[in-house]
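Read off the chains here:
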Amino acid sequence: DAKTTQPTSMDCAEGRAANLPCNHSTISGNEYVYWYRQIHSQGPQYIIHGLKNNETNEMASLIITEDRKSSTLILPHATLRDTAVYYCIVRVIYNNNDMRFGAGTRLTVKP
Amino acid sequence: DSGVTQTPKHLITATGQRVTLRCSPRSGDLSVYWYQQSLDQGLQFLIQYYNGEERAKGNILERFSAQQFPDLHSELNLSSLELGDSALYFCASSATSGTYSGELFFGEGSRLTVL
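Residue numbers run consecutively from 1 along every chain, following the written order of its sequence. As a convention, the first chain written is A and the first ligand written is 1, with the rest following in written order. Totals for whole chains, interfaces and linings use every residue, but because this is a predicted model, local features are given only for residues with pLDDT of at least 70 and side-chain atom pairs only at 80 or more, for both listing and counting. No hydrogens and no water enter the side-chain calculation; it runs on all heavy atoms of the structure.

K.L.:
Account for the packing of aromatic side chains, with residues named and values stated.
P.N.:
Working definition: a ring pair exists when centres of Phe, Tyr or Trp rings (six-membered ring for Trp) sit within 6.5 Å. Plane angles under 30 degrees give stacked, over 60 give edge-to-face, the rest tilted. A full pass over the atoms with the stated rule returns ten aromatic pairs over all chains. For the ring pair Tyr36 of chain A and Tyr46 of chain A, a centre distance of 5.8 Å and an interplane angle of 75° mean the geometry is edge-to-face. Here Tyr36 of chain A is found in strand β3 (residues 31-38), whereas its partner Tyr46 of chain A is found in strand β4 (residues 45-50), with ten residues between them in sequence. Across the pair, exposure class does not vary: Tyr36 of chain A and Tyr46 of chain A are buried alike. Chaining the aromatic ring pairs together yields one cluster made of Tyr36, Tyr46, Tyr87 and Phe101 of chain A together with Tyr35, Phe45, Phe90 and Phe106 of chain B. For a Lys NZ or an Arg CZ to count as sitting over a ring, it must be within 6 Å of the ring centre and within 35 degrees of the ring normal. Positioned over the ring face of Tyr34 of chain A is Arg91 of chain A, at 6.0 Å from the centre of the ring. Sitting over the ring of Tyr50 of chain B, Arg55 of chain B keeps its end group 4.6 Å from the ring centre. Only DSSP runs of H or I with at least four residues qualify as helices, and only runs of E with at least two residues qualify as strands; both kinds are numbered from the N terminus onward. Using a 1.4 Å probe on the protein chains alone, a residue whose accessible area is under 20% of its type maximum counts as buried, one over 50% counts as exposed, and one in between counts as partly exposed.

K.L.:
Talk me through the pairing of strand β4 (residues 31-37) of chain B; I want residue IDs and the actual numbers.
P.N.:
Residue and element names in this part refer to chain B. By the criterion of burial, β4 is predominantly enclosed, with seven of the seven residues buried. Side-chain alternation along β4 places Ser31, Tyr33, Tyr35 and Gln37 on one buried face and Val32, Trp34 and Gln36 on a second face that is also buried. Any two strands are treated as partners once DSSP identifies two or more bridges connecting them. Bridge count for β4 against strand β5 (residues 44-50) is six bridges, and the pairing is antiparallel. Across the sheet, residue Ser31 finds its bridge partner in β5, namely Tyr50.

K.L.:
Tell me about the side chain of Arg37 of chain A, residues and numbers included.
P.N.:
Inspection of the secondary structure assignment puts Arg37 of chain A in strand β3. Apart from the residues lying within four places of it in its own chain, the contact partners of Arg37 of chain A are Gly43, Pro44, Gln45, Ile47, Met59, Arg81, Asp82, Ala84, Val85 and Tyr86 of chain A. Contact criterion: two residues are considered in contact whenever any of their non-hydrogen atoms come within 4.5 Å of each other.

K.L.:
Got a sec to walk through the state of the cysteines? Specific residues and values, please.
P.N.:
In this description, the term disulfide denotes a pair of cysteine sulfurs within 2.5 Å. Counted under the stated rule, the structure contains two disulfides over all chains. What pairs with Cys22 of chain A in a disulfide is Cys88 of chain A, and their sulfur atoms sit 2.1 Å apart. Its S-S torsion of approximately -80° makes the covalent link between Cys22 of chain A and Cys88 of chain A left-handed. Placement of Cys22 of chain A in strand β2 (residues 18-23) and of Cys88 of chain A in strand β8 (residues 84-92) is noted, with a sequence separation of 66 residues between them. Comparing Cys22 of chain A with Cys88 of chain A, the two get one shared label, buried. Sulfur-sulfur distance for the disulfide between Cys23 of chain B and Cys91 of chain B comes to 1.8 Å. Taking the torsion about the sulfur-sulfur bond, which here is approximately -55°, the covalent link between Cys23 of chain B and Cys91 of chain B counts as left-handed. Pair noted here: Cys23 of chain B is in strand β3 (residues 19-24) and Cys91 of chain B is in strand β9 (residues 87-94), with a separation of 68 residues, a long-range link.

K.L.:
Describe the environment of Thr56 of chain A, and please don't skip the residues or the numbers.
P.N.:
Relative to the elements of secondary structure, Thr56 of chain A occurs in strand β5 (residues 55-56). Side chain to side chain, Thr56 of chain A and Ser61 of chain A meet in a polar contact 3.0 Å long. Pairs of N or O atoms within 3.5 Å make up the polar contacts considered here, provided that, within protein, one atom can donate a hydrogen while the other can accept it, and that residues adjacent in sequence are counted only when both atoms are side-chain atoms.

Here's what the structure looks like:
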């Protein structure tokens, strides 16, 4: 059973912010929200993760709603190189359990 | 460079054959994960090992097997290959202690083509 729901595809203009939504209405209290991206056929790349507070790093910002049932990944100034498939995953952080990817959102950044 | 090394990068073989894909995790990472990605498909989790022991199993066929060795490298064995096994196979590793964040580090993948 899929734990997350993401739009199949999105477009974004170069230089604009890309806002990628993710629904995870059945998230448990000990599950984190992770975001990865996969550029073409390269290995997936970690972007960011969070539990309940908003997080920001050099790549992106993660906004998690107060009820934790949804989140948004924000790429503040999208470039053509940000064109990729973005995966939202919920996962318990400890015990080294597995990580399962859904279909993700194919983001296309257009000039 | 993620620090995860996969070999070979490309492999072409025939139906019915057997191949072995190798993965060297980042130094010190105890967990190794294997994923399959067929053309234009998502990442399918196959199997996870933690310090030599199988930790989780996903959609791995009975014709496939894996193991993790004492030096922590892992091998994925694919036998009785079929055309549908043509795919990218990714290995990932993760840290287990200290500033562990649950982040997986992926290799560049092994592209298998079955003719």
